[in-house]
Amino acid sequence: MGGNRYMEEKRAMYASPNPKRKMLLIAGAAAAAVLVIVVVLGVYFGVVKKNHDSSTTSDVASGDSSNSGSSSSSSGNSGSSSTQKTLAVTGGDGSTVTMEDGTTFTYSNAFGGTWYWDINDPFNNGASAQSWSPALNETFNYGVDRIRGVNLGGWLTVEPVIYASIRTTSAPALFEPYVNDTVPAVDEWTLSQSMAADTSRGGLSQLETHYQTFITEQDFAQIAGAGLNYVRIALPFWAIETRGSEPFLEGTAWKYFLKAIQWARKYGIRINLDYHALPGSQNGWNHSGKLGSINMLMGPMGLANAQRSLDHIRIIAEFISQPEYSSVVTIFGITNEPQASAIGNDQVEAFYLQAYEVVRKASGIGAGNGPIVSFHDAFLSRSDWAGFLPGADRISLDSHPYLCFSTQSSAPISSYATTPCTAWGADVNSSMSNFGLTQAGEFSNAVTDCGLWVNGVNQGIRYEGTYVADPSFKSVGSCDSWTDWQAYDQTTKDAIKQFALASMDSLQNWFFWTWKIGNSSVTGKVESPAWSYSLGLEQGWMPTDPRTAYGTCGNTSPWTPPLAANQLGNDKSASLASSVSASYPWPPSTIIGGGVPSKLPTYTPTGAIPTLSAPTFTQSGVTATATPTPGNGWENASDQAGLMVNIATCSYLDPWIGTTVNPPSPLCSSSSKRREPALEYREPMITAMPVL
C-alpha cells in the first residue's frame, strides 16, 4: 500500500501534471506542434502560472497549507499511446476538455486547478482541483487543509426535495406523476413501485435516465471551478443488492458511482462516500429508502438488518480501500443520520465500533490504507462524542447543523448574519480538540422550512402552519418571499451570502447540501433556492471563492493544529485498547422494540459475497493501447467470511415490519421453514425529528 505499482512501469507519451509546474503536451505534425506549444506555453506562463502563484500566496492567509508532497502520480499504467485520435490529456483554465462520448467543453477554473485524463493511464492521480488544494497524489493535511465540499444530493439516492420535480430534455419528472396515486410516491420505495408499474414511461429505467442526466462530468468540472475540493455522495444499500420484495433498482447506482470516481479523479476532487440508506431504515425518513418505521438496529428484525448493513459496509470498504481508488474516495460515512434517541445511544455506539473494525480489517492501518471512517453524531451533541474510540486510526465526526427544522421566524435573513458563528463555532473548536477531525456533512442556507417538499411529499410546511407531522406549528406567514428567488434584491442576496460565509467559517470543514435542485415541472423554476449551491453561484448569493469565508466569525485562529498522529494516519500501530472495545459489546444487550438478541432472528455468514464490479473505460474515437488493472474489488484477500444470509431452519419476519410485532416463536427448530411475509404497503407513520 502507498507504493505506486503503475507509475514504476509507465511509458505513456504524456507526463502527469505537477501542481507546481503544469505542462500541456500535444502530439501532431512537427511544424504545427512547435507553433502550438509556443502559444500554449506563452498563455501558461503569462496567465495560468501567474494565477497559480497568486492563489498560493492568498492561500496562506486563508489558513490552508501549501503542500509539498510528492508530485509523481500515485497510480498509472504501462504502455505507449497510439490512438486513432490524439487528445490533450491535461489542462487548466481555458483548455478544451473532451468527454467520454467525444463532446467537448471549455474548462473554467480561475484558481489554478488542472484536470488530467488519459484512457491509457486511468488511475493517474495528478489532477488538482485548485492550486491551494493538494493534488490527489499529495497528502491532504486534515486540520490544516480545509474540506470545502458540496453534496451531490438526490443523485444516487432519491430525495423528493432535490429532484422530485426535474424536467429537462433528458430527464423526466420523477415524483410528480405519482404523487396522487392510490399509494402516492413519497420515497424511493413507493416511487420504484409506481415506476415499475408505469411501463409507458419506461418503468424503472426512468431512474437510470435520471442517474445519467442529473449529475454529469461537467458538474464535477464546475465544482472544481467553484473553489470546492470535495463532494459527498449518498449511496444506498440497493447499489449492492436487494432481497425479497424490495422494489429498488438493484446495482445500477454503483455503475454511476464508478463514473463519479472517474470524474472526481479527472478534476482532482476527493469523495466522501456516505452510506445513506440502510436495510430496514436507520431513521424512518424518506431519504433512507422507505418512509415510516426504523428497522435497522431496532425492532424484531433490527439485529438482522444491522448484520446485513455491516456486510454492505464491508463490501464497500474492500472496494474503496484498493490503491486504485483510495486516493479518491478518502472518507467513508458509515451510516447517515441514525436516530440515537430511538435506537439507543449504546446500540449506535456498538454498531459504530463494529463498522470501524470492518473497515479497518479491509483497509489496514495508517495513511494511504483506505478511508477515514466518519461517524454521524446520531443527533447527539458534538460534546457527547468527545473521547469516543481513543487511539482509533483516522476517524471523523459528522454533524448536520440545520436551523430550519425547529422554531420558525419571519425575521429577515439579514438578522442571521452571525447566527452560525455563535451557534456552532465554539462547539466545532472544542470537538476538533476533544474528538478530532470534525466536519459538517450537511448544511444549507435555509433558516425556514420553506420550499417544495423540504419536509417530504405532501407533508406541508411549518412556516405556513400546514406541517402534517406536528400541527402545533402555527403559521408565521407566506413562504413566497423566501422561495421567489427571482425577486431577490441585492440586499437580500448579500445577506444570504453573509449567512453562507458565516456558516462556512464556523464549521471549518463542510459539505453544503446540495449542489443543485431541479426545476419544478409545474412552475419551471427551482422552488427550494436555499438548498442549491449552483443556483446561488449563478444568482450571486454564494461566494465565488469559498476561501473568503475565512475570518467571517472574527476568530482568525479557530483551532490550533495538528491533529494527533493516529487521527492523521501517521501512527501505523494505532489500535483500540481491549478495555475500549469491551465498552461497546456486540451484539448490544438489548434491541429496543425487539428484545434480547438471543430471541431475535439473525443471519449466518454462509452466503456468497457480491464483490462490487470495477469500472471499464472508453473514449470515443480512441483505441486504448494499455490494459489497466482495475483491481478485483477486494483489498484484503484474507477476509473470507461469507455474506450474512438466512438460516434454513429459522423463521424471519418482513425486514421492514416495524417495532410493534413480536419476534417469531419458535425462532428456530430442526424442522421449521423460513417464513417471510409478503411486503405489504402500510400507510407510513412519520418518524419524528429528534429534539436537538
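No experiment lies behind these values; they were computed from the predicted model shown.

What counts and how
- Residues numbered from 1 in each chain as written.
- Predicted model: local features only at pLDDT ≥ 70, side-chain atom pairs only at ≥ 80, totals over all residues.
- Heavy atoms only, no water.
- Disulfide = S-S within 2.5 Å.
- Helix = DSSP H or I, 4+ residues; strand = E, 2+ residues; numbered from the N terminus.
- Buried < 20%, exposed > 50% of the residue type's maximum accessible area, 1.4 Å probe, protein only.
- Polar contact = N/O pair within 3.5 Å; in protein donor to acceptor, adjacent residues only side chain to side chain.
- Contact = heavy atoms within 4.5 Å.
- Expected span 1.5 Å × (residues − 1).
- Bend = angle between axes of the 7 residues up to and from the residue.
- Phe/Tyr/Trp six-rings, centres within 6.5 Å; stacked < 30°, edge-to-face > 60°.
- Salt bridge = Lys/Arg side-chain N within 4 Å of Asp/Glu carboxyl O.
- Axes fitted to C-alpha atoms, helices over the stretch in contact; angles between N-to-C directions.
- Nonpolar A, V, L, I, M, F, W, Y, C, P; charged D, E, K, R; others polar.
- pLDDT = per-residue confidence, 0-100.

Colleague: Please explain the state of the cysteines as it appears in this structure.
Modeller: Note on terminology: a disulfide is the covalent bond linking the sulfur atoms of two cysteines. Under the criterion given, the structure shown has three disulfides. Covalently, Cys-421 is tied to Cys-553 through a disulfide, its sulfur atoms 2.1 Å apart. Because the torsion about its S-S bond is -80 degrees, the bridge between Cys-421 and Cys-553 counts as left-handed. Here Cys-553 lies in the loop between helix H13 (533-539) and helix H14 (565-568) and Cys-421 lies in helix H10 (residues 419-434), a separation of 132 residues in the sequence. Here Cys-553 falls in the partly exposed class, since its relative accessible area comes to 26%. There is a disulfide in this structure between Cys-650 and Cys-668, and the S-S distance comes to 1.8 Å. Residues Cys-650 and Cys-668 are joined through a disulfide that is right-handed, its torsion about the S-S bond being 110 degrees. In this pair, Cys-650 is assigned in the segment after strand S14 (643-645) and Cys-668 in the segment after S14, connecting sequence segments 18 residues apart. Among the residues examined, Cys-668 registers a relative accessible area of 37% and is labelled partly exposed. In the chain, numbering the disulfide-bonded cysteines from first to last in sequence yields the connectivity 1-4, 2-3, 5-6.

Colleague: For this particular structure, what's the right way to read the side chain of His-276?
Modeller: Summarising the element assignment, His-276 is placed in strand S7 (residues 270-277). Taking the relative accessible area as the measure of exposure, His-276 reaches 1% and is therefore buried. Separated by 2.7 Å, the side chains of His-276 and Asp-274 make a polar contact. Among the polar contacts made by the side chain of His-276, one reaches the side chain of Asn-336 at a distance of 3.4 Å. When residues no more than four places from it in sequence are discounted, the contact partners of His-276 are Thr-157, Glu-159, Arg-232, Ala-234, Leu-235, Gln-282, His-287, Ser-288, Asn-336, Glu-442 and Trp-513.

Colleague: Explain H10 here, please?
Modeller: Because the α-helix completes a turn every 3.6 residues, residues three or four places apart line up on one side. Between its first and last C-alpha atoms H10 spans 23 Å; for 16 residues at 1.5 Å apiece the expected length is 22 Å, and the two agree. If you look at H10, its biggest bend is around 35 degrees, right at Gly-425. Among all positions in H10, only Pro-420, Cys-421, Trp-424, Gly-425, Val-428, Asn-429, Ser-431 and Met-432 are buried. Tucked inside the fold, the buried residues of H10 contact strand S10 (395-399), strand S11 (438-440) and helix H12 (490-507). Phi for Gly-436, located one or two positions after H10, is positive at around 135 degrees.

Colleague: Can you walk me through the packing of aromatic side chains in this structure?
Modeller: As enumerated under the stated definition, the model contains 38 aromatic pairs in all. Residues Trp-155 and Trp-263 carry aromatic rings whose centres are separated by 6.5 Å and whose planes lie at 15 degrees to one another, so their mutual orientation is stacked. Placement of Trp-155 in the loop between strand S5 (148-151) and helix H2 (160-163) and of Trp-263 in helix H6 (residues 252-267) is noted, with a sequence separation of 108 residues between them. Side by side, Trp-155 and Trp-263 carry an identical accessibility label, which is buried. Ring centres 4.9 Å apart and planes at 90 degrees place the aromatic pair Trp-254 and Phe-319 in the edge-to-face group.

Colleague: Where do I start with the side chain of Asn-455 in this structure?
Modeller: Tracing the sequence through the fold places Asn-455 in the loop between S11 and helix H11 (480-483). On the accessibility criterion, Asn-455 (16% relative accessible area) is buried. Engagement of the side chain of Asn-455 in a polar contact is seen with the side chain of Asp-449, the distance being 2.9 Å. Those residues in contact with Asn-455, other than ones at most four positions away along the chain, are Phe-405, Asp-449, Gly-460, Ile-461, Arg-462 and Tyr-467.

Colleague: In this structure, what is going on with the pattern of salt bridges? I would like to understand it.
Modeller: Side chains that differ in sign of charge can pair as their charged atoms come close. In total, this model carries 20 salt bridges according to the counting rule given. Put simply, Arg-146 and Asp-505 hold a salt bridge, and the shortest N to O gap is 3.7 Å. With Arg-146 in the loop between strand S4 (115-116) and S5 and Asp-505 in helix H12, this residue pair connects regions lying 359 residues apart in the sequence. Considered together, Arg-146 and Asp-505 belong to a single accessibility category, that of buried residues. Across the salt bridge formed by Glu-217 and Lys-266, the nearest N and O atoms sit 2.7 Å from each other.

Colleague: Would you explain the packing of helix H3 (residues 188-197) against helix H4 (residues 205-214) in this entry?
Modeller: A packed helix pair is summarised by two numbers, namely the angle formed by the two axes and the spacing between the axes. Interaxial distance between H3 and H4 falls to 9 Å at its minimum, and their mutual angle equals 120 degrees. Residue-level inspection shows Glu-188, Leu-191, Ser-192 and Met-195 of H3 in contact with H4, the latter providing Gln-206, Leu-207 and Tyr-211. Across the contact of H3 with H4, the residue classes break down as four nonpolar, two polar and one charged.

Colleague: Is there a simple way to explain the confidence of the model for the chain in this structure?
Modeller: Detail in the predicted coordinates should be disregarded across regions flagged by low pLDDT. Looking at the chain, pLDDT values average 87 and 83% of them are 70 or higher. Here helix H1 (residues 30-61) stands out as the least confident element of the chain, with mean pLDDT 38; strand S8 (residues 329-333) is the most confident, with 99. Every residue in residues 1-63 scores below 50 in pLDDT, and together they form 107 contacts with partners more than four places removed in sequence or on other chains.

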